[in-house]
Amino acid sequence: MNTKIYKSVLAHTANLLGAVQQKNQARFDDYYAELKQLCETHENTDKDHPVQWETLADFTDDLTEAVTLYEHALVKAETINDKDFRSSIGYSIAALKVELGDKTSAIEHLEKAKISCNKIVDKELKAEIHDLLEELKVAEG
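Because the structure is a prediction, the values reported are computed rather than measured. Per chain, the residues get numbers from 1 upward, laid out in the order the sequence is written. Thresholds applied to this predicted model are a pLDDT of at least 70 for local features of residues and 80 or more for the giving and counting of side-chain atom pairs; totals over whole chains, interfaces and linings are not thresholded and use all residues. To get the side-chain values, all heavy atoms of the structure are used, and hydrogens and water are removed first.

## Let's talk about the overall build of the chain
What counts here: Secondary structure follows DSSP: runs of H or I at least 4 residues long count as helices, runs of E at least 2 residues long count as strands, and numbering of each begins at the N terminus. All radius of gyration figures rest on C-alpha atoms, and the globule criterion is 2.2 Å times the number of residues raised to 0.38. The buried label applies to any residue whose accessible area, calculated with a 1.4 Å probe on protein chains only, is under 20% of its type's maximum; exposed applies above 50%, and partly exposed to all values in between. A 1.4 Å probe and the Shrake-Rupley method give the accessible areas. Residues count as covered only by the protein chains that appear here. As used throughout, the charge tally considers Lys and Arg to be positive and Asp and Glu to be negative, leaving His and the chain termini uncounted. Charge positions come from single atoms, namely NZ of Lys, CZ of Arg, CG of Asp or CD of Glu.
Secondary structure assignment for the chain yields seven helices and zero strands. Mapped in sequence order, the helices and strands of the chain form the string α-α-α-α-α-α-α. Taking 14 Å as the expected radius of gyration for a compact globule of 141 residues, we find that the chain reaches 16 Å, a close match to that expectation. Oriented by its inertia axes, the alpha-carbon framework of the chain measures out at about 45 × 35 × 25 Å. The burial tally for the chain puts 41% of its 141 residues in the buried class. If you sum the accessible surface of the chain, you get close to 8200 Å²; carbon and sulfur atoms cover 50% of it. The average position of the 17 basic charges and that of the 27 acidic charges among the side chains of the chain differ by 6 Å.

Spelled out as structure tokens, the structure:
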């Protein structure tokens, strides 16, 4: 991943979090628009990366829109075959699907995330994927 892009996404994240802490919606909206513009500018270029889209989704209040953005990020992660991003994005989609009442789709995303997370280092994420998947399967049971 391009270090300059990563640093830019980190800076946008810090700005968005700062605006949230200050409860400044106008600043938040401006920073969000900047991040969205960054994502759109890099779309389908060598600077396009799932971290941009995942971060944009992370700061989206509309759950349906967040799922759409996460799904877009997931495509990017699959394109570069990044298991860490595929796992975290898949988990995020599943969690939102649960909130939206779509447990079947949540299970599907978790099953894919579980396969992706087999060889990642993040044990906490692995556990979260496993636990939510088991919880949903038991509830469906």
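## So, helix 3 (residues 50-58)
Spacing of three or four residues puts side chains on the same side of an α-helix, whose turn is 3.6 residues. How we decide: Note on contacts: a residue pair qualifies if any of its non-hydrogen atoms lie within 4.5 Å across the two residues.
Counting buried positions over the nine residues of helix 3 gives eight, a clear majority of the element. Lining the buried residues of helix 3 we find helix 1 (3-21), helix 2 (25-42), helix 4 (63-79) and helix 5 (83-99).

## Digging into the packing of aromatic side chains
The condition is simple: Classification of ring pairs rests on two measures: the distance between centres of Phe, Tyr or Trp rings, Trp counted by its six-membered ring, which must be within 6.5 Å, and the angle between planes, read as stacked under 30 degrees, edge-to-face over 60 and tilted in between.
Summed over the entire model, instances satisfying the criterion amount to two aromatic pairs. Ring geometry for Phe28 against Tyr32: centres 6.2 Å apart, planes inclined by 20°, an arrangement best described as stacked. On the criterion of helical spacing, the pair formed by Phe28 and Tyr32 is a turn pair, its members being four residues apart in helix 2. For Phe28, a relative accessible area of 9% translates into the label buried. Geometrically, the ring pair formed by Phe28 and Phe59 is tilted, given 6.2 Å between the ring centres and 55° between the ring planes. Taken together, the residues span a long stretch of sequence, with Phe28 in helix 2 and Phe59 in the loop between helix 3 and helix 4 at a distance of 31 residues. Through a chain of ring-to-ring contacts, the aromatic side chains of Phe28, Tyr32 and Phe59 assemble into a single cluster.

## What to know about the packing of helix 4 against helix 5
Put simply, the test is: Only C-alpha atoms enter the line fits that serve as axes; for helices the fit covers just the stretch in contact. Angles between N-to-C directions range over 0 to 180 degrees. The cut-offs work like this: below 35 degrees is roughly parallel, past 145 is roughly antiparallel, 65 to 115 is roughly perpendicular, and the gaps in between are oblique. Each crossing gets its hand from how the near helix is turned against the far one by less than a right angle, where anticlockwise is left-handed and clockwise is right-handed. Polar here means any residue outside two lists: the nonpolar Ala, Val, Leu, Ile, Met, Phe, Trp, Tyr, Cys and Pro, and the charged Asp, Glu, Lys and Arg; Gly therefore counts as polar.
Interhelical geometry of helix 4 versus helix 5 gives an angle of 160° and a closest axis separation of 9 Å. The orientation of helix 4 relative to helix 5 falls into the category roughly antiparallel. When the axes of helix 4 and helix 5 are compared, the crossing they make is left-handed. Here Leu63, Ala66, Val67, Tyr70, Glu71, Ala73, Leu74, Ala77 and Glu78 of helix 4 lie close against helix 5, whose contacting residues are Phe85, Arg86, Ile89, Ser92, Ile93, Leu96, Lys97 and Glu99. Class assignment of the residues belonging to the contact of helix 4 with helix 5 gives a composition of 11 nonpolar, one polar and five charged.

## Concerning the packing of helix 3 against helix 5
Interhelical geometry of helix 3 versus helix 5 gives an angle of 20° and a closest axis separation of 11 Å. With respect to helix 5, the element helix 3 is oriented roughly parallel. For the element pair helix 3 and helix 5, the recorded crossing hand is left-handed. Counted together, Pro50, Val51 and Glu54 of helix 3 and Phe85, Ser88 and Ile89 of helix 5 form the full contact between these two elements. For the contact of helix 3 with helix 5, the per-class residue count stands at four nonpolar, one polar and one charged.

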